[in-house]
Amino acid sequence: MLVKGRQIAGRGEEMAAHYAFGPLEDGVIIKHRLLTRTTTTRGEPPLKKLQKKFAAFALEIEKDVDNFSDCERIYKAFLQEMTTFELPLLKSKAVVDANLREKENFNELQEEIHCQILQACSNMEDLKKLLEESKIERQHEEECEAIRRLIALQPPRSETQKVILDLEKEILALEAENTAGSRMLELRKMQFSLLLHVVDELQNTMEDEQRSLAEELRMATEELKTGTEDENRGSEAMAIDE
């Protein structure tokens with residue numbers, strides 16, 4: 001019998017199991033007990049009973065006495081014991097077969113679930129890409145909507161065209177006015193240059209006239225001075241003659 005001992009830990013802690021045999025030994029013992037049907041301690045093991053029945057039948061056959069009825073009775077008891085021993089084996093075989101089928105079904109189901117998980121992961125990746133594309137498309141739609149609202153706030157094209165034409169006319173008028181102003185400025189520059197030239201000529205003429213007048217005045221002064229000196233010399237000569 002497999003002996004187990006349990007050690008109870010403190011409150012809230014896990015309970016640890018202690019076995020009298022190791023895991024490998026436990027497997028061997030359990031397999032042996034299943035084969036020999038010695039899974040209980042009550043009564044004699046079925047295989048041992050079958051051995052005793054077979055041994056009793058063999059001993060009875062080997063006797064030289066006329067014991068046909070005893071042999072038949074022991075044989076029937078042996079067959080009954082064999083049937084009793086076989087039924088649990090058949091039941092165990094049926095359980096094993098059912099477990100094998102369940103294991104195959106479980107493996108198939110596990111493989112199917114694995115494939116479904118892979119498909120779900122692939123679908124999730126596709127959905128993620130689709131979500132990103134949807135976000136980008138939504139962003140573009142919002143930007144287009146904002147641009148459309150800005151365009152809607154602007155005046156009609158006819159009014160804008162009229163404003164553009166008015167501005168072009170105003171620009172042409174300003175350009176013509178600018179051209180006229182430039183021409184007038186050039187004319188004023190020429191007139192001013194001519195005026196400066198005339199003033200310069202006039203100034204030169206006045207300076208020449210002033211120099212001529214000064215020369216004439218100097219000459220007249222010198223002549224007057226010379227005449228006065230001659231008169232003075234004549235008066236002195238007359239005085240000496242007297």
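Residues numbered from 1 in each chain as written. Predicted model: local features only at pLDDT ≥ 70, side-chain atom pairs only at ≥ 80, totals over all residues. Heavy atoms only, no water.

Stated formally: UniProt positions are given in the numbering used here, feature names are shortened, and annotations may be inferred rather than shown by experiment.
In the nomenclature of an unreviewed UniProt entry, the chain is known as THO complex subunit 7A of Acorus calamus. The Sequence similarities (unreviewed entry) field of the UniProt record for the chain holds the comment "Belongs to the THOC7 family." On record in UniProt, under Subcellular location (unreviewed entry), the comment for the chain is "Nucleus".

## Some points on the overall build of the chain
Note the threshold: Where helices and strands are cited, they refer to DSSP runs of H or I of at least four residues and of E of at least two residues respectively, numbered from the N terminus. Type-normalised accessible area, obtained with a 1.4 Å probe on protein chains alone, sets the label of each residue: buried when under 20%, exposed when over 50%, and partly exposed for intermediate values. Note on contacts: a residue pair qualifies if any of its non-hydrogen atoms lie within 4.5 Å across the two residues. We get accessible surface area from the Shrake-Rupley algorithm with a probe of 1.4 Å; when it comes to residues, only the shown protein chains can shield them.
Scanning the chain from N- to C-terminus turns up four helices and two strands. When each of the 242 residues of the chain is scored for burial, the buried share is 5%. Pairs at least 24 apart in sequence give 39% of the contacts found in the chain among residues at least 6 apart. Accessible area of the chain: about 21,800 Å², with a carbon and sulfur share of 60%.

## Here's the deal with the pattern of salt bridges
As a reminder of what qualifies: Salt bridge criterion: a side-chain nitrogen from Lys or Arg within 4 Å of a carboxyl oxygen from Asp or Glu.
Counted according to the given criterion, the structure contains eight salt bridges. A salt bridge links Lys93 to Asp97; the nearest nitrogen and oxygen atoms lie 3.1 Å apart. Of this pair, Lys93 and Asp97 both sit in helix α3 (residues 68-153), four residues apart, roughly one helical turn. A salt bridge links Glu215 to Arg218; the shortest N-O distance between them is 2.1 Å. Separated by three residues within a single helix, Glu215 and Arg218 lie in helix α4 (residues 157-241), roughly one turn from each other. Accessibility expressed as a relative area gives 36% for Glu215, which makes it partly exposed. Of the residues examined, Arg218 reaches a relative accessible area of 38% and is grouped as partly exposed. Put simply, Glu145, Arg148 and Arg149 are held in one network by salt bridges that share partners.

## Section: a nonpolar patch on the surface
Defined as follows: Put simply, a patch holds well-exposed residues, over 30% relative accessible area, that have no salt bridge, with like charges counted together within 9 Å and Val, Leu, Ile, Met, Phe, Trp or Tyr side chains within 5 Å.
A grouping of Phe192, Leu195, Leu196 and Val199 is seen on the molecular surface, where their side chains present a nonpolar patch of about 380 Å² in accessible area. Exposure remark for Val199: the relative accessible area of 43% places this residue in the partly exposed category.

## Considering the packing of helix α2 (residues 46-62) against α3
Angle between the axes and distance between the axes are the two parameters that describe a pair of packed helices. Here is the rule we go by: Axes here mean lines fitted to C-alpha atoms, for a helix over just the part in contact, with angles spanning 0 to 180 degrees between N-to-C directions. Relative orientations are named as follows: roughly parallel for angles under 35 degrees, roughly antiparallel for angles over 145 degrees, roughly perpendicular for angles from 65 to 115 degrees, and oblique for any other angle. Crossings are sorted by hand: turned counterclockwise from the far helix by less than a right angle, the near helix makes the crossing left-handed, and turned clockwise it makes it right-handed. In this classification, the charged set is Asp, Glu, Lys and Arg, the nonpolar set is Ala, Val, Leu, Ile, Met, Phe, Trp, Tyr, Cys and Pro, and all remaining amino acids, among them Gly, are polar.
It is the contact of α2 with α3, at a shortest axis distance of 9 Å, that shows an interaxial angle of 160°. Between α2 and α3, the crossing angle belongs to the class labelled roughly antiparallel. The hand of the α2/α3 crossing is left-handed. On α3, the residues touching Pro46, Leu47, Lys49, Leu50, Lys53, Phe54, Ala56, Phe57, Glu60 and Ile61 of α2 are Asp70, Cys71, Ile74, Tyr75, Ala77, Phe78, Glu81, Met82 and Phe85. In the contact of α2 with α3, the residues fall into 14 nonpolar, no polar and five charged.

## Some points on α2
Note the threshold: A helix is expected to span 1.5 Å multiplied by its residue count minus one. Directions drawn from the helix axis to the C-beta atoms are what define this arc.
With 17 residues, α2 extends 24 Å from end C-alpha to end C-alpha; this agrees with the ideal 24 Å at 1.5 Å per step. Among the residues of α2, those classed as buried are Leu50, Phe57 and Glu60. Here the buried residues of α2 occupy an arc of 95° about the axis, which is enough to place them on one side. In this structure, α2 carries Leu59 and Glu62 as exposed residues pointing more than 90 degrees from its buried face. In this structure, the buried side of α2 is in contact with α3.

## Points about a negative patch on the surface
We count it as follows: Only four residue types enter the charge count, namely Lys and Arg as positive and Asp and Glu as negative; His and the chain termini do not. Taken as the charge centre is NZ of Lys, CZ of Arg, CG of Asp or CD of Glu, depending on the residue.
A surface patch of like charges, here negative, comprises Glu132, Glu133, Glu137 and Glu141. Relative to the helices and strands, Glu132 is located in helix α3.

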